[in-house]
Amino acid sequence: MDFTTFAGLPLHILLVHVMVVGGPLAALAVLLHAFWPAARRRLGVVTPLAGLVVLVLTPITVRAGEYLQSRIATTTPELAEHVIRGEGLLPWSVALFVVGLAEWLWWRFAVGGALDARLTPALRWGGTTLIWICAALIGVGFIVEIVLIGDSGARAVWGGIVG
């Protein structure tokens, strides 16, 4: 089975579109889960599951990109920048999943859950504050990284043609 193309198109091109839409949506879910209780109740386990999908697709997308790069005769500076940026997404994807999972676990089982009675006010405040900080840093950082990767990819592909 060929995992490098789909319907005659390089798989990287298709996966990039999934990552460009799904990645920021997963990051937005992490942010909403952290800061908006009504959204948190509706999102539930969707937040870590969205992060898991992004985490699984990240190395597949990078591998498909490496295959596509191997098929190109010359590597331009723009393409080299895109490759470097793309290879740096995995730690962000891991962090996005971990924060999404931590949020869900925190509000599902600790605050308002089975462990709520055992939490001191200081522990409740400290855990919630840690979740807020991590969600803000990772959620926004992931979105910024996806934008930078996408921009460098678009410049690599379209830079000499448009603009």
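Placed above this text is the structure.
Reading the values: rules and limits
All residue numbers here refer to positions counted from 1 along the written sequence of the relevant chain. Per-residue local features are limited, in this predicted model, to residues with pLDDT of at least 70; the limit for side-chain atom pairs, both in listing and counting, is 80 or more; totals at the level of whole chains, interfaces and linings are taken over all residues. Each side-chain value is worked out from all heavy atoms of the structure, with water and hydrogens disregarded. Put simply, buried Ala, Val, Leu, Ile, Met, Phe, Trp, Tyr and Cys residues joined by side-chain atoms within 4.5 Å make one nonpolar core. To sort residues, take the accessible area from a 1.4 Å probe on protein chains only and compare it with the maximum for the residue type: under 20% means buried, over 50% means exposed, and anything in between is partly exposed. Helix and strand definitions follow DSSP, with helices as H or I runs of at least four residues and strands as E runs of at least two, each counted in order from the N terminus. Pairs of residues are marked as contacts when any of their non-hydrogen atoms sit within 4.5 Å. Each residue after the first adds 1.5 Å to the expected span of a helix. Convention adopted: a line fitted to C-alpha atoms gives each axis, helices being fitted over their contacting stretch, and angles between N-to-C directions are expressed from 0 to 180 degrees. Angular relationships are summarised with four words: roughly parallel below 35 degrees, roughly antiparallel beyond 145, roughly perpendicular across 65 to 115, and oblique for the angles in between. What makes a crossing left-handed is the near helix being turned counterclockwise from the far one by less than a right angle; a clockwise turn instead makes it right-handed. For this classification, Asp, Glu, Lys and Arg are treated as charged, while Ala, Val, Leu, Ile, Met, Phe, Trp, Tyr, Cys and Pro are nonpolar and the rest, including Gly, are polar. A pairing counts as a salt bridge when a side-chain nitrogen of Lys or Arg comes within 4 Å of a carboxyl oxygen of Asp or Glu.

Draft legend 1. Structural detail: the nonpolar core. By size, the foremost hydrophobic cluster in this structure holds 25 residues, and its most contacted members are Val54, Leu89, Leu96, Trp106 and Phe142. Listed by contribution, the elements that provide at least two residues to this core are α1 (11-35), α3 (46-70), α5 (89-110) and α6 (121-158). Ignoring anything within four residues of it in the chain, the contact list for Leu89 reads Met19, Thr58, Phe142, Glu145, Ile146 and Ile149.

Draft legend 2. Quick look at α5. Along its 22 residues, α5 runs 30 Å from first to last C-alpha, staying within 8% of the 32 Å computed at 1.5 Å per residue. By the burial criterion, the buried members of α5 are Leu89, Ser93, Ala95, Leu96, Phe97, Val99, Gly100, Glu103, Trp104, Trp106, Trp107 and Ala110. Along its buried surface, α5 packs onto α1, α2 (37-43), α3, α4 (77-87) and α6.

Draft legend 3. Main features of the environment of Gly65. Here Gly65 shows up in helix α3. Once the C-alpha coordinates of Gly65 and Arg155 are considered, the two residues, 90 residues apart in sequence, prove to be 15 Å apart.

Draft legend 4. Structural view of the packing of α1 against α6. Taken N-terminus to C-terminus, the directions of α1 and α6 make an angle of 165°; their axes are 9 Å apart at the nearest point. Taken together, the axes of α1 and α6 lie roughly antiparallel to each other. The handedness of the crossing between α1 and α6 comes out as left-handed. For the pair α1 and α6, contact is made by Met19, Val20, Gly23, Pro24, Ala27, Val30, Leu31, Ala34 and Phe35 and by Ile131, Trp132, Ala135, Ala136, Gly139, Val140, Phe142, Ile143 and Ile146, respectively. Across the contact of α1 with α6, the residue classes break down as 16 nonpolar, 2 polar and no charged.

Draft legend 5. Representation of the packing of α3 against α5 in the model. The geometry of α3 relative to α5 is characterised by a closest axis approach of 8 Å and an angle of 165° between their N-to-C directions. Taken together, the axes of α3 and α5 are roughly antiparallel relative to one another. Crossing of α3 over α5 shows left-handed handedness. For the pair formed by α3 and α5, the contact residues are Thr47, Pro48, Gly51, Leu52, Val54, Leu55, Thr58 and Pro59 on the first element and Leu89, Leu90, Ser93, Val94, Leu96, Phe97, Gly100, Leu101, Glu103 and Trp104 on the second. Class assignment for the residues of the contact of α3 with α5 results in 12 nonpolar, 5 polar and 1 charged.

Draft legend 6. Structural detail: the pattern of salt bridges. Evaluation of the coordinates by the stated rule reveals 4 salt bridges. Asp116 is the partner of Arg124 in a salt bridge, and the nearest nitrogen-oxygen pair spans 2.8 Å. Classification of Asp116 as partly exposed rests on a relative accessible area of 25%. Among the ionic pairs, Asp151 bridges to Arg155, the shortest N-O distance being 3.0 Å.

Draft legend 7. Representation of unusual backbone geometry in the model. Despite not being glycine, Ala7 has its phi angle at roughly 55°, a positive value. Topologically, Ala7 is positioned in the loop between β1 (5-6) and β2 (9-10). Taking relative accessible area as the criterion, Ala7 reaches 75% and is therefore assigned exposed.

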